[in-house]
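So the chains spell out like this:
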Amino acid sequence: MDISIVIPFLDEAESLPELTEWIRRVTNENHLSYEIIMVDDGSSDHSWRVVEELHQKNSNIKGIKLQRNYGKSAALNEGFRAAKGDIVITMDADLQDSPDEIPALRRMIIEDGYDLVSGWKKTRHDPISKTLPSKFFNWFTTRVSKIKLHDFNCGLKAYKLKVVKSIEVYGEMHRYIPLLAKWSGFKKIGEKVVEHRPRKYGKSKFGMGRLIKGGLDLTSILFVGKYGKRPMHFFGTWGSLFFLAGFGISVYLVISKIIDKNFALTNRPGFYLALATTIIGTQLFVTGFVAELISRNAPGRNNYLIEEKLGL
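(A) Geometry of the pairing of strand 5 (residues 116-120). Taken across its 5 residues, strand 5 has 5 buried, putting it largely inside the fold. With burial as the criterion, each face of strand 5 is covered, one bearing L116, S118 and W120 and the other bearing V117 and G119. The sheet contact formed by strand 5 and strand 6 (residues 157-160) spans 3 bridges and is antiparallel. Across the sheet, residue V117 finds its bridge partner in strand 6, namely A158. Of the strand pairs in this sheet, strand 5 and strand 7 (residues 189-193) are connected by 5 bridges, and their pairing is parallel. Looking at the pairing, V117 lines up with G190 of strand 7.

In structure tokens:
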């Protein structure tokens, strides 16, 4: 199969028929074999009924219905698990991403050898309340991740199949899929300017709270990517530094007491500093040991309840 198109959605019943028909037209014109995996992230409207009707008309349209709203990352993760195409395309269901971009994205993967190609909505049709935070987010993420992309949060992306099978997406980490791919060893990451269309149906699911969650997830990714398999290297290093600092201060205080019998050991600020740093160092060391045990015995974290599947 040439491509798998993964589309997570929440309450997008109006746009789904138009979107799938557009994809069908583009893939047929380019002679591409395809599957459309639509992941319902706990919609409260009749979106799933629309997916069922579309599946009856076109067996290439498949569906996964999550039992409740887990978030876009969970929906993408389940779609990635089910994907079988050589190239995996992700796009939003609100018709702001154009399926006409699919052939060019696919060519960049096949002909140019990219592992991942991210869309860049250079011209956006969003209010400033959405574009301004997005610019700051992309600037900050680029500086931290060292990946030169203008639009990490663009839903329109293309991947080699082995990329999506090698990463796990949870929390709000769909924004950082390029970084997850980089940590997994896929370093050829490209970018393509894509059309951003005005929203035709429904309303945006964007909220300012996602910026905070996104920042926390970025911190998690950076830590897990570097120390996920060796947490003792992080906690053990800092634990040793704190413990040695406390031990050094303690030695100084004891020597001072030996030299000067009138030296008030427990009345000195250094005494409490030595006590605190020694305890902190010990705790960090123990945390490192526990983290090592957990990292070697943790079960899979992405267990999402699926109510129903179509064609999968």
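(B) Geometry of a nonpolar patch on the surface. There is a patch of nonpolar side chains on the surface, built from F243, L244, F247, V251, I255 and I259 and spanning about 600 Å² of accessible area. By the element assignment, F247 lies in helix 9 (residues 231-259).

(C) Spatial organisation of the pattern of salt bridges. Evaluation of the coordinates by the stated rule reveals 9 salt bridges. For E21, the salt bridge goes to R24, with nearest N and O atoms at 2.7 Å. One end of the pair is E21 and the other is R24, both in helix 1 (residues 16-29) and 3 residues apart, which spans about a single turn. For E21, a relative accessible area of 35% translates into the label partly exposed. The class for R24 is partly exposed, based on a relative accessible area of 30%. D115 is the salt-bridge partner of K160, the closest N and O atoms lying 3.3 Å from each other.

(D) Main features of helix 2 (residues 47-57). For helix 2, the complete set of buried residues consists of S47, W48, V50, V51, L54 and H55. Along the long axis of helix 2, the arc covered by the buried residues comes to 150°, so they all point the same way. The exposed set on the far side of helix 2, more than 90 degrees from its buried face, consists of Q56 and K57. Those residues of helix 2 hidden inside the fold are in contact with strand 1 (3-9), helix 1, strand 2 (34-40), strand 3 (61-66) and strand 8 (306-310).

(E) Spatial organisation of helix 3 (residues 72-82). Taken across its 11 residues, helix 3 has 9 buried, putting it largely inside the fold. The complete set of buried residues in helix 3 reads S73, A74, A75, L76, N77, E78, G79, F80 and A82.

(F) Examining the packing of helix 1 against helix 2 more closely. Running from N to C, helix 1 and helix 2 point in directions that differ by 35°, and their axes come no closer than 10 Å. Handedness of the helix 1/helix 2 crossing: right-handed. Across from L16, P17 and T20 in helix 1, the residues of helix 2 making contact are S47, V50, V51 and L54. Each residue belonging to the contact of helix 1 with helix 2 can be placed in one class, and the counts come to 5 nonpolar, 2 polar and no charged.

(G) Up close: the sheet that holds strand 4 (residues 87-90). Taken in spatial order, the 8 strands make up an open sheet running 7-5-6-4-1-2-3-8, and their pairing is mixed. Bordering the open sheet on either side are strand 7 and strand 8, each of which pairs with just one other strand. Pairs of neighbouring strands in the sheet enclose a mean axial angle of 15°, with direction left out of account. Note: strand 3 against strand 8, 4 bridges, orientation antiparallel. Along strand 8, the bridge assignment pairs L66 with I306. Of the strands in this sheet, strand 1, strand 2 and strand 3 touch helix 1, which is tilted by about 160° from strand 2.

(H) View of the packing of aromatic side chains. Throughout the structure, instances matching the rule amount to 4 aromatic pairs. Geometrically, the ring pair formed by F80 and Y159 is edge-to-face, given 5.6 Å between the ring centres and 70° between the ring planes. Taken together, the residues F80 in helix 3 and Y159 in strand 6 connect sequence positions 79 residues apart. The burial state of F80 is the same as that of Y159; both residues are buried. Ring geometry for F234 against F235: centres 5.1 Å apart, planes inclined by 85°, an arrangement best described as edge-to-face. Look at F234 and you get partly exposed, because its relative accessible area is 26%. In this structure, K188 packs its charged tip against the face of Y114, placed 5.3 Å from the ring centre.

(I) Region of interest: the environment of G42. By the secondary structure assignment, G42 is in the loop between strand 2 and helix 2. Each C-alpha atom, one on G42 and one on N69, is 4.2 Å from the other, the two residues being 27 residues apart in sequence. Excluding residues that lie within four positions of it along the chain, G42 makes contacts with L10, L66, R68 and N69.

Basis of the calculations
Residues numbered from 1 in each chain as written. Predicted model: local features only at pLDDT ≥ 70, side-chain atom pairs only at ≥ 80, totals over all residues. Heavy atoms only, no water. Buried < 20%, exposed > 50% of the residue type's maximum accessible area, 1.4 Å probe, protein only. Helix = DSSP H or I, 4+ residues; strand = E, 2+ residues; numbered from the N terminus. Pairing = 2+ DSSP bridges. Patch = residues over 30% accessible without salt bridge, like charges linked within 9 Å, V, L, I, M, F, W, Y side chains within 5 Å. Areas by Shrake-Rupley, 256 points an atom, 1.4 Å probe, with all protein chains shown as cover. Salt bridge = Lys/Arg side-chain N within 4 Å of Asp/Glu carboxyl O. Arc of directions from axis to C-beta. Contact = heavy atoms within 4.5 Å. Axes fitted to C-alpha atoms, helices over the stretch in contact; angles between N-to-C directions. Left-handed = near helix turned anticlockwise from the far one by under 90°. Nonpolar A, V, L, I, M, F, W, Y, C, P; charged D, E, K, R; others polar. Phe/Tyr/Trp six-rings, centres within 6.5 Å; stacked < 30°, edge-to-face > 60°. Lys NZ or Arg CZ within 6 Å of the ring centre and 35° of its normal.

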